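The primary structure of each chain is shown beneath.
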Amino acid sequence: MKAVSWFKEINKGSLSIAGGKGANLGEMYNTGMPVPPGFVVNAQAYKEFVDETNIKEKITQILSGLDVENNDDLQSKANEVQKLIVSVEMPEHIKSEIIEAYETMGISDEQASSIDLEQKNQEEFVAVRSSATAEDLPEASFAGQQATFLNIKGNDEVIKAVRGCWASLFTARAVYYRVKNNFDHMQVLIAVVVQKMVNSEKSGITFSANPSTNNKDEIIVEACFGLGEAIVSGSVNPDSYVVDKNSMEIKSKTISEQEWAYVKDENGKTVKKTIKDEMKKVQKLKDEEIIELAKIAKHLEEHYQKPQDIEWAIEKNKIYIVQTRPITTIKDIQKQEDDSGSEKQEEQSEEQGTNISDAKVLLTGNTASPGVASGIVKIANEPNEFTKVQKGDILVTKMTNPDMVPIMKRASAIVTDMGGTTCHAAIVSREMGIPCIVGTGNATATLKENTTITVDATHGKVYEGHVSIKKPEQRQQIRESYSNLVTATQIKVVMDFPDYAEKAAATGADGVGLLRAEHMILGNKTHPAYLVKQGRKEELIKILVDGISKVARAFDGKPVWYRTLDAPTDEFKSMEGGEDEPEEENPMLGWRGIRRSLDQRGMLKAEFEAIKRVHEMGLKNVGVMIPLVTRVEEVKEAKEVLDEVFDEEFVEFGVMIETPASVWIIEDICKLGIEFVSFGTNDLTQYTLAIDRNNGLVQKHYDELHPAVLEEIARVIRVCKKYHVQTSICGQAGSKPKMAAFLVRQGIDSISANPDAVNQIRQTVAVTEKKLLLDAERRNLRPSLN
């Protein structure tokens, strides 16, 4: 049997030969879609490789008795099988057929008969992609489990990449998935697609139905500059265009600023390239390109009889379709429509699904961000798993980290094994308005990949299937009435993401009580200290200026307090230049906050220089505060660096009160000359009560209203009033009505809450202030009544 099939020889019925990806490419090619030229190394070639090299029994022996729940055993045996496959020589007849196909790829039959050997050996850059025989099927999603190799050139490299794809059939994740879904390891075959690389100037994804709203009458086109890796991995925010499927008219456009793009250099290597200033904010696609992509999407949906998720690229004004597959997130809704014939179900999502009284509760956890969402489970813990999380999916993970922010934005809800109400997942999901449950303990083990669940984050419950949960009808009216209240205590917001600044400002908040640096800096993927060390400080400063100025403009005329970098060492390790980060037993108690910034002053100075440049833009509402203070000397030294940058210019300077040490030295800190303090109750509670705030096991003991924490806060407010220093709070506790009432009674100047809690806290503050005024009046009236 031959080892290679050309796209023209295969179609959607060729799954057993070409795998899901290969079959789809062949099908598209033969329907006239603009598919880049290529061929498939057939699944049978892999089987012959295994049989002829006598490694089948060795693989079976290695995997026998494997406990996939034992991660060490799983990783070890998976690696052993992969090493075996890549070390065995490929049979000559398979190798020669692959090389022959590679050398003649893109040449027509007529040309091939007359071409000479020298011309035939012109080498192309190709993508070599795995195509498992159950991949990209709605019934069994193997997508993303096997390897892809890009920018491959030369006979030897192509053969090496094909063998690498075969080996990737036995990654730990793929082995685990097959065991859990009762697939026989040796019955699952793998084909390999070898396809000419498109050197795309623009690329993106088209959904033939809206995966976020399940609207089958809308086509979503997402686009970015450069190669498609950036958009597929979620590394950049793409433009998003909504097209009416029936009229083929563009309904809306969301244009995103793009700072950089992935491109190919002269050696075919994928590199980052900064986009010219005049191109950063422009619309990526011409209107006619948007419509053409929408037409292709509609055609493919009609052809496959299912909504499609389509990857495309544009080179020299020509559109190429790289792959298409079913949109798994709307599979269940499509089935409901087929079964009932009712079009009203899509418009009345709250009435779909199982009644809540009949629903099965799969998990419970802590509410991190309220809300309700239904969707398909996607379990993702490692970076190579992130691409499988698509718009509308439910992200299930052990714990989120800054690298996950792009996929968190795509998720309709988030469920984690670990973490408390002040962990990374909780903080980010609240700002994004995404329902989130944390600290379930075993979500990644209990929930099954590609099953439908409903997350009721308001009540901390996860239900099986699509469940109907009614939403409160009067919430918007209540919000509007609260937003008109005027209070003496300022109500500010906490912010992580500058892109959400306009939305946060629309709450009517009195400013930003905490603008965190972490997501601006860590989102760049390059260690900030490494940038400074490499003489690339300007890159760091530009990132900060862009983010801070965006927030400052949204809150023009209102204070914005920027907190300098406070990331634990473990969050730097995966970044470029982060290889030398120290191993720490407990990073939360380690080299972080101002203690690290003073050890790496170049990084701290870059942050201060960024704020100065924002001031020079006329946005002088930005102040700065330093985190995790434990010594007076830290404040003094940080002020010296700040003064060196700002010279005689005034900038508001403050400190975070996050440690018991800072509580007890507050008077000495005030004497140094500061403008404000802000309580970081997340850490202050953690350090006062000796509780790991990210540990779900002890969340029941985590209490910002503990008498010890309240007394610390009260003491600092008293001292600060003596020295005319403003007091504020920016921890999660500021979003709790009981804490807000306590703070008002203590005389705090401002309270910072999550954007979604601003109006509720404003109402609590208004009620408390009125009560204090009424109590004072009553006390003043008592003598005259006697």
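Figured I'd write up the structure that's included with this text. (Residues numbered from 1 in each chain as written. Predicted model: local features only at pLDDT ≥ 70, side-chain atom pairs only at ≥ 80, totals over all residues. Heavy atoms only, no water.)

1. Digging into the nonpolar core
Next, step 1: Phe-555, Tyr-562 and Ile-751 are the most contacted members of the largest nonpolar core, which has 89 residues in total.
Next, step 2: In contact with Tyr-562, not counting residues within four places along its chain, are Leu-515, Ala-517, Met-520, Ile-521, Leu-544, Ile-548, Glu-607, Ile-611, Val-622, Gly-623, Val-624 and Met-625.
Next, step 3: Grouped together as the second largest cluster of nonpolar side chains are 78 residues, Ile-59, Ala-191, Tyr-241 and Ile-310 included. (Core = buried A, V, L, I, M, F, W, Y, C linked by side-chain atoms within 4.5 Å. Buried < 20%, exposed > 50% of the residue type's maximum accessible area, 1.4 Å probe, protein only. Contact = heavy atoms within 4.5 Å.)

2. Describing unusual backbone geometry
Next, step 1: Here the phi dihedral of Asn-54 falls at roughly 60°; this positive angle occurs in a residue that is not glycine.
Next, step 2: For Asn-54, the location among the structural elements is in the loop between helix 2 (43-52) and helix 3 (56-63).
Next, step 3: Exposure remark for Asn-54: the relative accessible area of 56% places this residue in the exposed category.
Next, step 4: In this model, Met-248 sits at a positive phi of 60°, which is unusual for a non-glycine residue.
Next, step 5: You can see Met-248 is positioned in the loop between strand 8 (239-244) and strand 9 (250-254). (Helix = DSSP H or I, 4+ residues; strand = E, 2+ residues; numbered from the N terminus.)

3. As for the sheet that holds strand 6 (residues 202-207)
Strand-to-strand pairing in sheets goes through backbone hydrogen bonds, with the strands running parallel or antiparallel.
Next, step 1: Strand order across the open sheet formed by 6 strands is 9-8-7-6-12-13, with antiparallel pairing between neighbours. The open sheet is flanked by strand 9 and strand 13 (318-326), the only strands paired with a single partner. Ignoring which end each strand starts from, the neighbouring axes of this sheet average 20° apart.
Next, step 2: Judged from the 6 bridges that link them, strand 6 and strand 12 (residues 308-315) form a sheet pairing that is antiparallel. (Pairing = 2+ DSSP bridges. Axes fitted to C-alpha atoms, helices over the stretch in contact; angles between N-to-C directions.)

4. Some words on a negative patch on the surface
Next, step 1: On the surface, Glu-640, Asp-643, Asp-647 and Glu-648 cluster together to form a negatively charged patch.
Next, step 2: Tracing the sequence through the fold places Glu-648 in the loop between helix 24 (632-646) and strand 28 (653-657).
Next, step 3: On the basis of relative accessibility, which here comes to 72%, the residue Glu-648 falls in the exposed class. (Patch = residues over 30% accessible without salt bridge, like charges linked within 9 Å, V, L, I, M, F, W, Y side chains within 5 Å. Areas by Shrake-Rupley, 256 points an atom, 1.4 Å probe, with all protein chains shown as cover. Salt bridge = Lys/Arg side-chain N within 4 Å of Asp/Glu carboxyl O. Lys, Arg positive; Asp, Glu negative; His and termini not counted. Charge placed at Lys NZ, Arg CZ, Asp CG, Glu CD.)

5. Points about the packing of helix 27 (residues 681-689) against helix 28 (residues 707-722)
Next, step 1: Viewed as axis vectors pointing N to C, helix 27 and helix 28 meet at an angle of 125°, and their least axial separation amounts to 10 Å. Put simply, helix 27 runs oblique to helix 28. You can see that helix 27 and helix 28 cross each other, and the crossing is right-handed. In contact with Thr-681, Leu-684, Thr-685, Thr-688 and Leu-689 of helix 27, helix 28 contributes Ala-708, Val-709, Glu-712 and Ile-713.
Next, step 2: When the residues that make up the contact of helix 27 with helix 28 are grouped by side-chain class, the tally is 5 nonpolar, 3 polar and 1 charged. (Parallel < 35°, antiparallel > 145°, perpendicular 65-115°, else oblique. Left-handed = near helix turned anticlockwise from the far one by under 90°. Nonpolar A, V, L, I, M, F, W, Y, C, P; charged D, E, K, R; others polar.)

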